[in-house]
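Below are the chains, spelled out letter by letter.
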Amino acid sequence: MDDTTAHHAPGAPNGAPDHDTCHYRRNPDLLLEWADGGGPVLVDCCSWRKFAAKPVLVDLLNQLDRPHTADQLHDRWRESAPGGDVRTLLDRLAAAGILQRCAPPAPEDDPTDPGVGWTPYERAVHARSGLGPDAAAGRGTPPPARLHHPGVDAVIALPDGADAPSRPLADVLAARRSVRGYAPDPVPLPLLAALLARAARVRGHLAPRAYQQTQRPAPSGGARHSLEIHLVARAVAGLSPGAYHYDPFAHALHRLAPWSDELAAFQQRTVTDPALLDQAPPASLCLTAVAARTTWKYEGMALSLIYRDTGCLMQTLSLTATDLGLASCLTGRMEAPFTAPFLPPSLRARLSHVGNMALGLPTSPLAAPDVTPLDL
């Protein structure tokens, strides 16, 4: 194992750890992988160093999600330590960064504890995203920016929404809120069309066109725009109930499937239940990502960018809905694997589910929510 600078416990002479007071815990940035052909490999997702690990070490690390002293570990692990010296083993693991020397255990809910609230996988994604894209990214032919659905049985051209109402931005920001109750009336198609046009329609290509970069209302890392919008229409005036894909290039809806029990169940588990709605909304949007568009340029940090792009599109959709007088509620429920019944398995495998939005008409005109001012 490579040595790293050890962080010693305070109060120890000459910088050496005081084993009577020093505690050890597993490095929270540590993940377990498997090497080609077998054995476990420890990966420090902060330094990206890798260590071959014997099963007994994996067992030891399994015990160290909370701080322990050398004495607490001695009886169990002395037979596995070189020469039976558990303290020397712990010091070597701490010097390598596999363990961390730390203070005595904090309360279970201590927010200052680096192990609280984050899983090693979340920490790994965050750390990897900070390194930037892989050096080999951006080579070859980029994936197309337009998604073509197989089996489309109808194309519905949408009005441009130019005549739809609009308000000053400050008023829209003040009125935005999540709404979980909807009027029984169907969503008017012109308002739905205006929502999609203002929040997601492609306005043009960016040079060079071969890079498949487009300009749209919501920002996207590298103008890759991996996100796609599917409409689950239960009650939209002028549309047959069913599932549709929004084509942002042609500003049209492509009908994919009629209404079914499977589609109703999909809306229930991705929108109605997560948003705590009393009943299913008249319409909902299902947001998915064609990850290859982003990985082509940003391999190694693409997941982080797709999540950021999702937040940007969700905010743009939410503000636009408020401006149009539509009631909406976002949900972060994501299916993995994706089970959308309106997509063939081959396409589901290419799409990553990243979020949803309930849509309907409000039971009363939207106004700024009644909130208690901050008392600072």
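Up top is the structure.
Residues numbered from 1 in each chain as written. Predicted model: local features only at pLDDT ≥ 70, side-chain atom pairs only at ≥ 80, totals over all residues. Heavy atoms only, no water.

**Q** Tell me about the state of the cysteines, and please be specific about residues and values.
**A** With the rule as written, the count across this model stands at zero disulfides. Take Cys46: it sits in no disulfide, and the sulfur closest to it among the cysteines is that of Cys45, at 9.0 Å. (Disulfide = S-S within 2.5 Å.)

**Q** So, the sheet that holds strand 6 (residues 99–102): which residues are in play, and what are the values?
**A** Strands in a sheet are paired, the pairing made by backbone hydrogen bonds, and the direction either parallel or antiparallel. Pairing is antiparallel in the open sheet, where three strands are placed in the order 5-1-6. What marks the edges here is a single partner per strand, and that holds for strand 5 (68–69) and strand 6. Alignment of strand 1 (residues 23–26) against strand 5, held across two bridges, turns out to be antiparallel. Looking at strand 5, one finds that His23 is bridged to Thr69. (Pairing = 2+ DSSP bridges. Helix = DSSP H or I, 4+ residues; strand = E, 2+ residues; numbered from the N terminus.)

**Q** Quick one: what's the story with the pairing of strand 2 (residues 30–34), residue by residue and with numbers?
**A** Direction of pairing for strand 2 relative to strand 3 (residues 40–44): antiparallel, over a ladder of five bridges. Paired with Glu33 across the two strands is Val41, which belongs to strand 3. In sequence, strand 2 turns back onto strand 3 through a hairpin of five residues, with Gly37 there showing a positive phi of about 90°.

**Q** Just give me the short version of the environment of Pro344, but keep the residues and values in it.
**A** Checked against the element boundaries, Pro344 lands in the loop between strand 16 (327–331) and helix 10 (345–348). Of the residues examined, Pro344 reaches a relative accessible area of 27% and is grouped as partly exposed. Taking the C-alpha atoms as reference, Pro344 lies 9.1 Å from Gly151; in sequence the two are 193 residues apart. (Buried < 20%, exposed > 50% of the residue type's maximum accessible area, 1.4 Å probe, protein only.)

**Q** Go over the nonpolar core with me, naming the residues and quoting the values.
**A** In this structure, Leu192, Leu195, Leu231, Leu239 and Leu253 are the most contacted members of the largest nonpolar core, which totals 39 residues. Contributions of two or more residues to this core are made by helix 6 (189–200), strand 11 (227–233), strand 13 (242–247), strand 15 (283–290), helix 9 (302–323) and strand 17 (351–360). Among the elements that make up this core, the one with the highest residue count is helix 6 (nine residues). Other than its neighbours up to four places away in sequence, Leu253 contacts Ala154, Val155, Ile156, Leu158, Leu196, Leu231, Leu239, Tyr244, His245 and Tyr246. (Core = buried A, V, L, I, M, F, W, Y, C linked by side-chain atoms within 4.5 Å. Contact = heavy atoms within 4.5 Å.)

**Q** Would you mind going over the packing of aromatic side chains in detail, with residue names and values included?
**A** What the rule picks out here adds up to three aromatic pairs. Through a chain of ring-to-ring contacts, the aromatic side chains of Phe266, Phe338 and Phe342 assemble into a single cluster. (Phe/Tyr/Trp six-rings, centres within 6.5 Å; stacked < 30°, edge-to-face > 60°.)

**Q** So what about the pattern of salt bridges? Which residues, and what values?
**A** Summed over the entire model, instances satisfying the criterion amount to nine salt bridges. Where Asp153 meets Arg255, a salt bridge forms, and the shortest distance between an N and an O atom there is 2.8 Å. Of the two residues, Asp153 is situated in the loop between helix 4 (120–129) and strand 7 (154–157) and Arg255 in strand 14 (residues 252–258); the sequence distance between them amounts to 102 residues. Residue classification places Asp153 among the partly exposed residues on the basis of a relative accessible area of 46%. With a relative accessible area of 24%, Arg255 lands in the partly exposed category. (Salt bridge = Lys/Arg side-chain N within 4 Å of Asp/Glu carboxyl O.)

**Q** Tell me about the sheet that holds strand 3, residues and numbers included.
**A** Ordered in space as 2-3-4, the three strands form an open sheet in which the pairing is antiparallel. Lying at the two open borders of the sheet, with one neighbouring strand each, are strand 2 and strand 4 (49–52). Within this sheet the neighbouring strands show an average axis-to-axis angle of 30°, counted without direction. (Axes fitted to C-alpha atoms, helices over the stretch in contact; angles between N-to-C directions.)

**Q** Which residues make up the pairing of strand 14, and what values do they have?
**A** Counting buried residues along strand 14, five of its seven residues qualify, which places the element largely inside the surrounding structure. Note that strand 13 and strand 14 share six bridges and pair antiparallel. Pairing of Asp247 across the sheet is with Ala252, part of strand 14. Remark: four residues form the turn of the hairpin made by strand 13 and strand 14, two consecutive strands paired antiparallel; His251 in that turn has positive phi of roughly 50°.

All we've got here are geometric facts, nothing functional implied.
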